[in-house]
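Listed here are the chains, written in short residue letters.
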Amino acid sequence: MPTVPQRLHLTSRDYTGRDKTDALREFYGRELMRVELQPFEGSGSSQATQDGLDFASTMLPLGGDSIYVQTDCSPSRMWRSPEMLRDGDDALYLAVAWGGGIFHTPNGSHHLTGGQYAIVSKARAHEFINLRGGASACIQVPHAALARRVARLEEAPLRLLPLGMPEPALAMGYAQLLASSAQLSAPLLQSALSHLQELMARILAPAAQAPVLDALDVPRMALIRRDILARIDRVDLSLAQIARLHHLAPRQVQRLFEREGTCFSNFLSEARLQRARDMLADPAQRQRRVLEIALDNGFADVSAFSRAFRRQFGMSPSEARGTDTAR
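So, how was this worked out
Residues take numbers from 1 onward in each chain, read along the sequence in its written order. Note on the predicted model: pLDDT of at least 70 is required for a residue's local features to be given, and 80 or more for side-chain atom pairs to be given and counted; whole-chain, interface and lining totals, by contrast, use all residues. Neither water nor hydrogens contribute to the side-chain values; these are computed over all heavy atoms in the structure. Whenever Lys or Arg places a side-chain nitrogen within 4 Å of a carboxyl oxygen from Asp or Glu, that contact is recorded as a salt bridge. Helical segments are the DSSP runs of H or I of at least four residues, strand segments are the runs of E of at least two, and each set is numbered from the N terminus. Throughout this description, buried means an accessible area under 20% of the type-specific maximum (1.4 Å probe, protein chains only), exposed means over 50%, and partly exposed covers the range between. Every helix has an expected span of 1.5 Å times one less than the residues it contains. Pairing between two strands requires that DSSP report at least two bridges joining them. In this description, a line fitted to the C-alpha atoms serves as the axis of each element, helices being fitted only across the stretch in contact, and the angle between N-to-C directions of two axes falls anywhere from 0 to 180 degrees. Here, residues are in contact when the closest pair of their heavy atoms is within 4.5 Å.

**Some details on the pattern of salt bridges**
Consideration 1: Across all of its chains, the model carries 18 salt bridges by this definition.
Consideration 2: We note a salt bridge from Lys-122 to Asp-89, for which the minimum N-O separation is 3.6 Å. One end of the pair, Lys-122, is in the loop between β9 (117-121) and β10 (126-130); the other, Asp-89, is in the loop between β5 (76-80) and β6 (92-97), and 33 residues separate them in sequence. Each of the two residues, Lys-122 as well as Asp-89, counts as buried.
Consideration 3: One salt bridge connects Glu-258 with Arg-251, and the closest N-O pair in it is separated by 2.8 Å.
Consideration 4: What makes Arg-251 partly exposed here is its relative accessible area of 42%.
Consideration 5: Three or more residues joined by partner-sharing salt bridges are found here, namely Glu-26, Arg-30 and Glu-36.

**A look at helix α9 (residues 264-280)**
Consideration 1: An ideal rise of 1.5 Å per residue puts 24 Å on 17 residues; α9 measures up with 24 Å between its terminal C-alpha atoms.
Consideration 2: Within the span of α9, buried status applies to Phe-264, Phe-267, Leu-268, Ala-271, Arg-272, Leu-273, Ala-276, Met-279 and Leu-280.

**Here we look at the sheet that holds strand β3 (residues 55-63)**
Consideration 1: Spatially, β1-β3-β4-β11-β6-β9-β12 is the arrangement adopted by the 7 strands of the open sheet, whose pairing is antiparallel. Only two strands of the sheet have a single partner each, and these edge strands are β1 (8-11) and β12 (158-160). The mean angle between the axes of side-by-side strands here comes to 15°, regardless of whether they run parallel or antiparallel.
Consideration 2: The strands touched by helix α1 (residues 20-33) are β1, β3, β4 (66-73) and β11 (134-141); relative to β3, the strand with the most contacts, the crossing angle is about 20°.
Consideration 3: Running over the sheet, helix α5 (residues 186-204) touches β3, β4, β6, β9, β11 and β12 and is turned about 100° from β3.

**Some remarks on the pairing of β4**
Consideration 1: Counting buried residues in β4 gives 6 out of 8 residues, a clear majority hidden from the surface.
Consideration 2: If you look at the hairpin formed by β3 and β4, you'll find 2 residues sitting between the two strands, and Gly-64 has a positive phi there, around 60°.
Consideration 3: Direction of pairing for β4 relative to β11: antiparallel, over a ladder of 7 bridges. Looking at the pairing, Tyr-68 lines up with Ile-139 of β11.

**Quick notes on the pairing of β10**
Consideration 1: For β10, the tally of buried residues reaches 5 of 5 residues, placing the bulk of the element in the interior.
Consideration 2: Residues His-126, Phe-128 and Asn-130 line one face of β10 and the alternating positions Glu-127 and Ile-129 line the opposite face, and both faces are buried.
Consideration 3: Taken together, the 5 bridges between β5 and β10 define a ladder with antiparallel strand orientation. Pairing of Met-78 across the sheet is with Phe-128, part of β10.
Consideration 4: Strand direction decides the pairing type here: strand β7 (residues 101-105) and β10, joined by 3 bridges, are antiparallel. Its bridge partner being in β10, Ile-102 is matched across the sheet by Ile-129.

Next comes the structure, spelled out in structure tokens:
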């Protein structure tokens, strides 16, 4: 695979003129992804055909020739022709298009509903038509990396995965979280890649894979923490709500926290208090009342917030702000 910068953001707005589709196809398609790429003219939109390919893409190298790509595009075609197979690229990619699409291979056509995942080999001639455009994503891993984890892995697999299978969504959600992180250290990327490869191995050979709790638990906990922090201002945020969001029983979520030496309520409380402390120390929020900040962090009243804040940090909210009286 060609070398990709630490993180690459590419949009069709970076190109102008009538030849922008050719430029995108050459750089993004042939050079970076080793696929052919062009607008899908059967989408029924003459404007899309006239304007060419319209898309935005983020590429995150994960190390070891593995990469995560998320894209938002107009209706498009992407394919690997028999002639392209001579480049020797045998990577497998886990892919999803939330608008659905069609896979064509020499052996037939396969329809994917919106949100359905597939694992496809670049060593196989195939075409994917993103009929409606919109969001799509893929995780690409070299065949050799997965062959070390999956006994007798075929040379060029193609798997259409059942809707509701947890591992594909877990792997993609974890990769999306990594891509949205501001900074990623080399050890974190190495660990993340190991978890993603283990998840893809479980997808390829679920019956043959012995349970590896860490491969599931680390990505799952990362996504659970993300979803808690995104809802931290909700007074009624509960363990049951987070469990439903991740299609787990509340006890399963609680066990994940226990493995990290804490519990859901402690994690939520500490996260709320730390966020409140950061807001109190922010000069841009100095004119806000303590009550407002308490409410913004999921506390129902300022008295309960002040007591919890003092227990956690050994000072009052006003002292953390550097004032003598509560506002």
